[in-house]
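Coordinates in review
Letter by letter, the chains look like this.
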Amino acid sequence: MVKTTAIVLSSRKWGEADRIVTCYASTLGKIRGVARGARRQKSRFGAALEPFTLCRLDLFEKTGDSLFRMSHVDVLMSHHELREDLELMGAAARLVNVVGAVTPERDADPQLFEILAQGLSAVASSQDPLGTALLFQIKLLCRMGFRPQTDCCAACGRAPLAGAPHFLPTAGGLVCPACATQHHARSLPLSQGSVAVLRQAVRLVPSLLVRLRAEGRIRNEIEEAVDKYVTIVAGRRLPPADFLSGSLSGR
Ligand SMILES: [Zn+2]
């Protein structure tokens, strides 16, 4: 048996009354487990396996099976507020979706777990949930090995970056004007303000991220850059928040 702290990324119905739950566990990384009977009226799991929940899990591992068996769950932080408001749900979904799509199974990174946990709490208490989620999404990408290149040209390596900055999602960062011209169909022009916020988001420790502000034009530019970059990194467009709500309705 394994005991671990985990954050629920998603869950889906399985068989007659079960659920398959995908979590990010602090000591195991991304895992999938079966919660037997989780959809029954008087399930011992209750609402403990809803997305965004921070919990203590007791798991059993069967040799030759990639799925864990979930035997017991204690809710540490339910984050129900993130599931009761569409804007909050959309913001929180940005975080769990990127971790779910980009991390391989069973590749433990306690620091990634911490950033995700901090991000969900920060979104829950933010005046600007989507802006906060965007900044934490950048932080999660950095931790997962996809730090956006902001120091030299992500395409040709030239430094320092002079002239009007562009972000090239397929190259994973800022590019010089020459490379931006070469890839003009896919490169996104950024204002100096956006470049400054992007650099700060990459450099700041997660606890200080909430002090950054990304509003108006800066928000739009960074959002487009991050969305397109995440699509490249994940190899597909991530589902919007309303896709996630499908796993919330009906047990
Ligand atoms: Zn270049």
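Source: prediction; values computed, not measured. (Residues numbered from 1 in each chain as written. Predicted model: local features only at pLDDT ≥ 70, side-chain atom pairs only at ≥ 80, totals over all residues.)

A closer look at the sheet that holds strand β8 (residues 188–189)
With antiparallel pairing, 3 strands are arranged side by side in an open sheet as β7-β6-β8. Only two strands of the sheet have a single partner each, and these edge strands are β7 (173–175) and β8. Relative to β8, strand β6 (residues 166–168) runs antiparallel, the two sharing 2 bridges. Bridged to His 166 within β8 is Pro 189. (Pairing = 2+ DSSP bridges. Helix = DSSP H or I, 4+ residues; strand = E, 2+ residues; numbered from the N terminus.)

Re the pairing of strand β1 (residues 2–14)
Looking at chain direction, β1 and strand β4 (residues 54–61) are connected through 6 bridges and run antiparallel. Each residue of the ladder has a partner; that of Ile 7, found in β4, is Leu 54. Note: β1 against strand β2 (residues 18–25), 8 bridges, orientation antiparallel. Opposite Ser 10, over in β2, you have Thr 22 as the bridge partner. As consecutive antiparallel partners, β1 and β2 are separated by 3 residues, and within that stretch Gly 15 has a phi angle of approximately 60 degrees, a positive value.

Observations concerning unusual backbone geometry
Backbone torsion omega between Ala 159 and Pro 160 reads -10 degrees, so that peptide bond is classified as cis. Mapped onto the elements of the fold, Pro 160 is located in the loop between α3 (129–143) and β6. Even without being glycine, His 79 reaches a positive phi, approximately 50 degrees. Within the secondary structure, His 79 is located in the loop between β5 (68–77) and α1 (86–102). Here Arg 106, not a glycine, exhibits a phi torsion of approximately 55 degrees, which is positive. The residue Arg 106 is located in the loop between α1 and α2 (110–124) in this model.

Regarding the environment of Ala 101
With respect to the helices, strands and loops of the structure, Ala 101 is situated in helix α1. On the basis of neighbour count, Ala 101 is assigned to the partly exposed category, with 19 C-beta atoms found within 10 Å. When the C-alpha positions of Ala 101 and Ala 155 are compared, they lie 25 Å apart, and in sequence the two are 54 residues distant. The residues contacting Ala 101, other than those within four sequence positions of it, are Ala 234 and Leu 238. (Buried ≥ 20, exposed ≤ 12 C-beta atoms within 10 Å, placed from the backbone. Contact = placed C-beta atoms within 7 Å.)

A look at α3
Because each turn of an α-helix spans 3.6 residues, side chains separated by three or four positions end up pointing in the same direction. Taking 1.5 Å as the rise per residue, α3 with 15 residues should run 21 Å; its terminal C-alpha atoms sit 21 Å apart, in good agreement. When you tally the buried positions in α3, you get 12 out of 15 residues, the bulk of the element. In this structure, the buried side of α3 is in contact with α1, α2, α5 (192–203), α6 (206–209) and α7 (216–234). Within two residues after α3, Gly 145 carries a phi angle of roughly 95 degrees, on the positive side. (Expected span 1.5 Å × (residues − 1).)

Focus on the sheet that holds β4
Taken together, 5 strands build a closed barrel; the order of strands is β1-β2-β3-β5-β4 and the barrel is mixed. When strand polarity is set aside, the average angle formed by the axes of neighbouring strands in this sheet is 50 degrees. The sheet strands contacting α1 are β1, β2 and β3 (29–35), and the helix crosses β1 at an angle near 95 degrees. (Axes fitted to C-alpha atoms, helices over the stretch in contact; angles between N-to-C directions.)

Things to note about the confidence of the model for the protein chain
It should be kept in mind that the predicted coordinates are not to be read in detail where pLDDT is low. Of all residues in the protein chain, 95% attain a pLDDT of 70 or more, and the chain-wide mean is 91. In this model residues 245–251 is a low-confidence stretch, pLDDT under 50, and it forms 8 contacts with partners more than four residues away in sequence or in other chains. (pLDDT = per-residue confidence, 0-100.)

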